[in-house]
Amino acid sequence: MATHRSRALWSRVMRSCRLPGFRSSWPRGPLGARHVSQEKQATETHFGFETVSEEEKGGKVYHVFESVAKKYDVMNDMMSFGIHRIWKDLLLSKMHPFPGTQLLDVAGGTGDIAFRFLNYVHEQHKGKQKRQLRAQQNLSWEEIAKKYQSEEDPLGGSRVVVCDINKEMLKIGKQKARAQGHKAGLAWVLGDAEELPFDDDKFDVYTIAFGIRNVTHIDQALQEAHRVLKPGGRFLCLEFSQVNNPLISRLYDLYSFQVIPVLGEVIAGDWKSYQYLVESIRQFPSQEEFKEMIEDAGFEKVTYESLTSGIVAIHSGFKL
Ligand SMILES: COc1cc(O)cc(C/C=C(\C)CC/C=C(\C)CC/C=C(\C)CC/C=C(\C)CC/C=C(\C)CC/C=C(\C)CC/C=C(\C)CC/C=C(\C)CC/C=C(\C)CCC=C(C)C)c1O
Ligand SMILES: C[S@@+](CC[C@H](N)C(=O)[O-])C[C@H]1O[C@@H](n2cnc3c(N)ncnc32)[C@H](O)[C@@H]1O
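Under an unreviewed UniProt entry, the chain has the name 2-methoxy-6-polyprenyl-1,4-benzoquinol methylase, mitochondrial and belongs to Zalophus californianus. Listed under Pathway (unreviewed entry) in UniProt, the entry text for the chain is "Cofactor biosynthesis; ubiquinone biosynthesis." Its UniProt record, at the heading Catalytic activity (unreviewed entry), says of the chain: "2-methoxy-6-(all-trans-decaprenyl)benzene-1,4-diol + S-adenosyl-L-methionine = 5-methoxy-2-methyl-3-(all-trans-decaprenyl)benzene-1,4-diol + S-adenosyl-L-homocysteine + H(+)".

(A) Highlighting the site of ligand 2. Surrounding ligand 2, one finds 18 residues, the nearest of these being Tyr72, Ala107, Asp164, Ala193 and Ala209. A distance of 2.8 Å separates a nitrogen atom of ligand 2 from a polar backbone atom of Ala107. Residue Ile165 places a main-chain N or O atom 3.4 Å away from a nitrogen atom belonging to ligand 2. Relative to its free-state accessible area of 590 Å², ligand 2 is covered by the protein chains to the extent of 96%. Each residue belonging to the shell around ligand 2 can be placed in one class, and the counts come to ten nonpolar, five polar and three charged.

(B) Examining the site of ligand 1 more closely. Around ligand 1 there are 23 residues in total, and Tyr72, Asn76, Arg213, Tyr274 and Leu277 lie nearest to it. Taking Asn76, its side chain carries an N or O atom lying 2.8 Å from an oxygen atom of ligand 1. Tyr274 places a side-chain nitrogen or oxygen 2.7 Å from an oxygen atom of ligand 1. In the complex, 69% of the free accessible area of ligand 1, which totals 1300 Å², lies under the protein chains. Residue assignment for the shell around ligand 1 shows that the elements contributing at least two residues are helix H2 (54–68), helix H3 (72–80), helix H4 (83–95), helix H9 (246–258) and helix H11 (271–283). It is H3 that contributes the most residues to the shell around ligand 1, five residues altogether. Classifying every residue of the shell around ligand 1 gives 19 nonpolar, three polar and one charged.

Scoring rules and cut-offs
- Residues numbered from 1 in each chain as written.
- Chains lettered and ligands numbered in written order.
- Predicted model: local features only at pLDDT ≥ 70, side-chain atom pairs only at ≥ 80, totals over all residues.
- Heavy atoms only, no water.
- UniProt positions renumbered as here; feature names shortened; annotations may be inferred.
- Near = heavy atom within 4 Å.
- Polar contact = N/O pair within 3.5 Å; in protein donor to acceptor, adjacent residues only side chain to side chain.
- Areas by Shrake-Rupley, 256 points an atom, 1.4 Å probe, with all protein chains shown as cover.
- Nonpolar A, V, L, I, M, F, W, Y, C, P; charged D, E, K, R; others polar.
- Helix = DSSP H or I, 4+ residues; strand = E, 2+ residues; numbered from the N terminus.

Laid out in structure tokens, this is it:
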């Protein structure tokens, strides 16, 4: 059994060497994940390097995340040497939520962004409370103790809704929330980024981390982001992007195509989902192209910051 498994693994490694994975520059559709050919308008798209119908794509993406959900978090630490945590922390520092922020985290999966948000606003609120106490002279010990024991909202009114299309990812997220003691200020909603189950002008911030690449109609998801944000609200997207240093790009390509699917097979028993991951990264638009797409959806003051040589980028835009 073990020999069969390792032989199968080796044959996959060999096959993957024949993939365009050895090219130093990658074919990139101008619209990223959505490729529209002249003959078959708006019916075909990409699922990694595979061309599939738009109807098929959603089901395939669903299957990927249903399959990897249980191993999702451990895979991210292994593949990125823990670096995905730093990227997510940076997204939160960029957001720098104000007290009372209403956040919608779309494609929120197992809750990494939501938990960071809750920890951030909790720390912020505690800091504010301390500063207020320090500023008040001559408080008795009883008054100070009362202030700490009062049932005041420890999140200062901030709330987060995690919205994801995949039940299995949300299930793992809810288990993590229980284990980490997150209860208040957190809601889980099953929903599609392309058709959000929320009213217009509802949220202060919309985040999407490593999610938009998987959506069939990225333009539709961006328009939905714009719709649900309040005027003055902020769009923030953390996603894979384009590496511009040729040497790092070559190493990263080698690592992506030769190591990541192997890790996927060994840790999650799922080569194909991790092959989809690395292929879908190469189909996603560059920093500048994605910036234009965000502007086309009606966002203003759109900027981006490339992280780790452009392996990922954070895009930001405002609904004004
Ligand atoms: C299904 O869809 C998904 C599933 C998911 O689980 C997650 C997502 C969404 C994704 C995330 C939340 C983040 C996931 C993170 C990544 C995909 C990885 C991002 C990658 C990095 C941060 C590292 C970037 C790597 C480089 C720039 C290249 C550095 C690599 C090397 C020097 C190794 C070069 C590799 C080769 C020559 C290939 C052959 C090598 C071997 C077979 C030996 C094995 C090598 C290793 C295990 C690597 C050891 C590397 C080091 C000790 C150096 C580390 C250096 C750096 C990190 C700069 C989702 O959608
Ligand atoms: C790579 S995970 C990202 C999870 C989380 N944001 C994080 O940073 O770890 C991608 C998530 O996008 C979700 N997703 C894919 N297509 C979606 C869609 N159309 N609407 C909402 N979520 C979607 C998947 O179910 C999956 O949970």
